[in-house]
Structures are given as structure tokens and as C-alpha cells.
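Overview (structure and organization)
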Amino acid sequence: MGVARLRELLPDYAKDLRLNLGSVTSQSQLNNQQLWGTVLTSAIASRGATTLTELEAEALEHLSPEAAKAARTAAALMAMNNVYYRTLHLLEDKEYSRMRAGLRMNAIANPGVDKADFELWSLAASAVNGCGMCLTAHEHELRGRGVSREVIQDAIRVASVVHAVAVTIESHEQVPATA
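Residues numbered from 1 in each chain as written. Predicted model: local features only at pLDDT ≥ 70, side-chain atom pairs only at ≥ 80, totals over all residues. Heavy atoms only, no water.

**Points about the overall build of the protein**
The number of helices and strands found in the protein is nine helices and zero strands. Walking the protein from its N terminus toward its C terminus, one meets helices and strands in the order α-α-α-α-α-α-α-α-α. By the compact-globule yardstick of 16 Å for 179 residues, the protein fits well, its C-alpha radius of gyration being 16 Å. Along the longest, intermediate and shortest principal axes, the C-alpha atoms of the protein span 50 × 35 × 25 Å. The burial tally for the protein puts 44% of its 179 residues in the buried class. (Helix = DSSP H or I, 4+ residues; strand = E, 2+ residues; numbered from the N terminus. Rg over C-alpha atoms; globule rule 2.2 N^0.38 Å. Buried < 20%, exposed > 50% of the residue type's maximum accessible area, 1.4 Å probe, protein only.)

If you want it as C-alpha cells, here you go:
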């Protein structure tokens, strides 16, 4: 189940991902809640059904119900915010950036867990979703709260590996490689 099952499902051409998945979930600067919240948020943001099914089950063994809800909330809000703010960044007309967003984001103010953990999970989702403005904002907030660069880097590493695993497994399930 979980990490072990995903490692089994990864094809031979993704041996590095198999090794990386094992290492990012076992050797980390993140505390247990930060790690498994990052894993869950990243799995949701990566949109891979098999990866989410496997990692969510394992994450729930390590997270309180409140932390699991907060990780899901971070993924949900970043699915919205990352599209909105990435689009504002890409538009040539910067007047859009000065306009009120008009999007509800109340959970950011009171996520039900340590604010730094929620920010870390939001950073991970923003990395998966590719929103530079959001990454900068979350990294700045985390650094302001005293979170080290090493912890931030570990969350980004978890997000990148979980995303790569999801993409690889989903594509392999759709069209198995012949070699």
C-alpha cells in the first residue's frame, strides 16, 4: 500500500523515481505532519488517480483529521489561486493585477493547523501547478515565519517527485511502454 505499492507500479525506465519516492518519504527535514501533508497536497495537485489513492491512504495514517482537511484545503485553494495568479502574471496588461480578485480564500487565514504547515502545503501545490507568483508569495511567508530553506527545498522535492510519479504511472497505465 502507499509508497511501497507505487514503487512497484513504476516501470523500469523510472527507476530513479522509484528511488526518489523512497528517499523523499523517509529522509526529510520535514516533521511528520509537514511531510505527509505535503505528500497528500502534492498527490491531489498532481491529479493522478492511482497516485492519490495510494498516497492518501498512507498519509491518513500519519495525519490528524484536521491536518488532512487542511492539506486538502491547500490543494483546493491552490487549484484556483494558481490559475488566477499565474494568468495575471502572464497577461501583458498589468492593470488586471491591480483589480480586486473577488475570490473567497477564508481558509488561508485560519487553516486549522500551524500556519507554516499550511503555507508549506500551498507552496508544494503551487510548485506542481507552476505558479511563480504563488511560489514567491508562499516562500516569502515561510521565510518570514523562520522556516529554513532546507525545509522549503524538501517540500519542493516531495512535490516534484510525487508529481513525476503520478505522471509516469498514469501515462504508463494508459499506454504501457514496450521497452
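**Some points on the nonpolar core**
In terms of nonpolar packing, the biggest core is built from 44 residues, with Leu 120, Trp 121 and Val 165 touching the most fellow members. Mapped by element, the contributors of at least two residues to this core are helix 1 (3-9), helix 2 (15-24), helix 3 (32-46), helix 4 (49-62), helix 5 (65-90), helix 7 (115-129) and helix 9 (149-174). It is helix 9 that provides the largest number of residues to this core, a total of nine residues. (Core = buried A, V, L, I, M, F, W, Y, C linked by side-chain atoms within 4.5 Å.)

**Things to note about the side chain of Thr 25**
Position of Thr 25 relative to the elements: it lies in the loop between helix 2 and helix 3. You can call Thr 25 buried: its relative accessible area is 14%. One polar contact links the side chain of Thr 25 to the main-chain carbonyl oxygen of Leu 21, over a distance of 2.7 Å. Within the structure, the side chain of Thr 25 is placed 3.3 Å from the backbone oxygen of Gly 22, a separation counted as a polar contact. Contacts of Thr 25, omitting those with residues within four sequence positions, involve Val 3, Leu 35, Trp 36 and Val 39. (Polar contact = N/O pair within 3.5 Å; in protein donor to acceptor, adjacent residues only side chain to side chain. Contact = heavy atoms within 4.5 Å.)

**What to know about the packing of aromatic side chains**
Tallied over the full model, the rule gives one aromatic pair. Taking 5.0 Å as the distance between ring centres and 90° as the angle between the ring planes, the aromatic pair formed by Tyr 84 and Tyr 85 counts as edge-to-face. For Tyr 84, a relative accessible area of 22% corresponds to the partly exposed category. (Phe/Tyr/Trp six-rings, centres within 6.5 Å; stacked < 30°, edge-to-face > 60°.)

**Considering the packing of helix 3 against helix 5**
Two numbers describe a pair of packed helices, the interaxial angle and the distance between the axes. Closest axis-to-axis distance for the helix 3/helix 5 pair is 8 Å, and the angle between their directions is 40°. The angle between helix 3 and helix 5 falls in the class oblique. Our pair here, helix 3 against helix 5, has a crossing hand that is right-handed. Here helix 3 contributes Gln 33, Gly 37, Leu 40, Thr 41 and Ile 44 to the contact with helix 5, which in turn contributes Ala 67, Ala 68, Ala 71, Arg 72, Ala 74 and Ala 75. (Axes fitted to C-alpha atoms, helices over the stretch in contact; angles between N-to-C directions. Parallel < 35°, antiparallel > 145°, perpendicular 65-115°, else oblique. Left-handed = near helix turned anticlockwise from the far one by under 90°.)

**Focus on the pattern of salt bridges**
Inspection of the entire model under this criterion finds seven salt bridges. In this structure, Glu 56 and Arg 72 form a salt bridge, with 2.8 Å as the shortest nitrogen-oxygen distance. Of this pair, Glu 56 sits in helix 4 while Arg 72 sits in helix 5, placing them 16 residues apart in sequence. The class of Glu 56 is partly exposed, set by a relative accessible area of 23%. (Salt bridge = Lys/Arg side-chain N within 4 Å of Asp/Glu carboxyl O.)

Without other data, these values stay purely geometric and don't point to any function.
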